[in-house]
Amino acid sequence: MQKAKAIELDVAVVDGVELSGSWNRMFVPRAISEYDLSVLDEITSIPGAESLGYCYQCGKCTAVCPVDTVGDYSPRKIFRRTQLGASLIDSPDLWLCTTCRNCLRVCPKEVNMIKIMPAVREQAVLQGKAPEELLTAFENTARYGNPIGESPRKRAEWTKSAGVPVPIMSQKKLRLTCCGLSNVTPPIILVEKKHPLLWLEFLTPFMSISAF
């Protein structure tokens, strides 16, 4: 921290009035604290996360944040930690926001966490820094088509213990009621699950679907 540097003029005249004396002492402006803003700049350079840099620490968001009620979290605290050099991409705070909009509603600087958090989360996922359970869900979805990681053949297993009849659409025929298609005969068509998807996609804007 810089030391305060005083300036005291031997003769001071302002608007024709002599202000000489020890009481005209002034202090040179100095930086009380200096921060390395490279981490904050990294976050605010992400499209959608620019407004994080607008925060001036008024604290209004902390009072309305539902997550801060049960923990140590708020947009103000996120800004402060990022200002001090803690990367939001690596922080568990990134995944606590519920995007409820309470903070945006009261923020005088319009720091928009509803845009900031999804934008930064996207970067975290791309860098492989998302929570392990989320990365596992992504991998399972890519590999098996569902986040649980079960074979599609087992997708309906839960219906056996549901206690009530649960229709399984893959075992149903679809009744497609087509309207406004003069070249479709007859107007009611039975489509099996093996029917070409292209034909089904063509009919979708013109039909209502019911299982039987």
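Details of the structure are given in the entry above.
Here is a short report on the structure shown in this document.

A tally of helices and strands in the protein chain yields eight helices and seven strands. When contacts within the protein chain are restricted to residue pairs at least 6 apart in sequence, those whose partners lie at least 24 apart make up 53%.

Here the focus is the pattern of salt bridges. Using the criterion set out here, one finds seven salt bridges in the structure. Among the salt bridges present, the one from Glu139 reaches Arg143, with a minimum N-O distance of 3.2 Å. Here the residue Glu139 and the residue Arg143 both occupy positions in helix H7 (residues 132-144), the gap between them amounting to four residues, near one helical turn. Glu157 is the salt-bridge partner of Lys160, the closest N and O atoms lying 3.3 Å from each other. Its relative accessible area of 68% is what places Lys160 among the exposed residues.

On the secondary structure map, Lys77 appears in helix H4 (residues 75-83). At a separation of 2.8 Å, a polar atom in the side chain of Lys77 contacts the side chain of Asp72. Those residues in contact with Lys77, other than ones at most four positions away along the chain, are Thr62, Asp68 and Asp72.

A cluster of nonpolar side chains, contributed by Ile7, Leu9, Met26 and Val28, occupies part of the molecular surface with about 320 Å² of accessible area. With respect to the secondary-structure elements, Val28 resides in the loop between strand E4 (26-27) and helix H1 (38-44). Look at Val28 and you get partly exposed, because its relative accessible area is 31%.

The next subject is the nonpolar core. Membership of the largest hydrophobic core comes to 25 residues, with the highest contact counts inside it found for Ile43, Ile116, Met117 and Val120. No other element matches the six residues that helix H6 (residues 113-126) contributes to this core. Filtering out sequence-adjacent residues up to four positions away, Ile43 remains in contact with Ala49, Leu52, Thr82, Leu88, Ile89 and Val120.

With that settled, consider empty space enclosed by the protein. The full count for this structure, using the stated rule, is two cavities of 30 Å³ or more. Roughly 120 Å³ of internal volume is contained in the largest cavity. Looking at the largest cavity, it is lined by 14 residues, and the ones nearest its centre are Cys55, Cys61, Pro75, Cys107 and Val111. Listed by contribution, the elements that provide at least two residues to the lining of the largest cavity are helix H2 (60-64) and H4. Tallied by class, the residues present in the lining of the largest cavity amount to nine nonpolar, two polar and three charged.

Along the chain, the position of Glu133 falls in helix H7. The class of Glu133 is exposed, set by a relative accessible area of 60%. Linking Glu133 and Pro147, residues 14 residues apart in sequence, is a C-alpha distance of 9.8 Å.

Moving on, we get to unusual backbone geometry. Of all residues except glycine, most have a negative phi; of all peptide bonds, most are trans. In the Ramachandran plot, Arg101 falls in the positive-phi region, its phi being about 80° despite a non-glycine side chain. With respect to the helices and strands, Arg101 occurs in the loop between H4 and helix H5 (102-106). Phi is positive for Glu110, close to 55°, though the residue is something other than glycine. With respect to the helices and strands, Glu110 occurs in the loop between H5 and H6.

With that settled, the discussion passes to the packing of aromatic side chains. Under the defined criterion, the tally for this structure stands at zero aromatic pairs. Over the ring of Tyr56 we find Lys109, and its NZ or CZ is 5.8 Å from the ring centre.

Rules used throughout
Residues numbered from 1 in each chain as written. Predicted model: local features only at pLDDT ≥ 70, side-chain atom pairs only at ≥ 80, totals over all residues. Heavy atoms only, no water. Helix = DSSP H or I, 4+ residues; strand = E, 2+ residues; numbered from the N terminus. Contact = heavy atoms within 4.5 Å. Salt bridge = Lys/Arg side-chain N within 4 Å of Asp/Glu carboxyl O. Buried < 20%, exposed > 50% of the residue type's maximum accessible area, 1.4 Å probe, protein only. Polar contact = N/O pair within 3.5 Å; in protein donor to acceptor, adjacent residues only side chain to side chain. Patch = residues over 30% accessible without salt bridge, like charges linked within 9 Å, V, L, I, M, F, W, Y side chains within 5 Å. Areas by Shrake-Rupley, 256 points an atom, 1.4 Å probe, with all protein chains shown as cover. Core = buried A, V, L, I, M, F, W, Y, C linked by side-chain atoms within 4.5 Å. 1 Å grid on protein atoms, 1.4 Å probe; cavity = no way out; pocket = protein on both sides within 12 Å on 5 of 7 lines; lining within 4 Å. Points joined across faces, edges and corners; volume = space filled by probe spheres on them. Nonpolar A, V, L, I, M, F, W, Y, C, P; charged D, E, K, R; others polar. Phe/Tyr/Trp six-rings, centres within 6.5 Å; stacked < 30°, edge-to-face > 60°. Lys NZ or Arg CZ within 6 Å of the ring centre and 35° of its normal.

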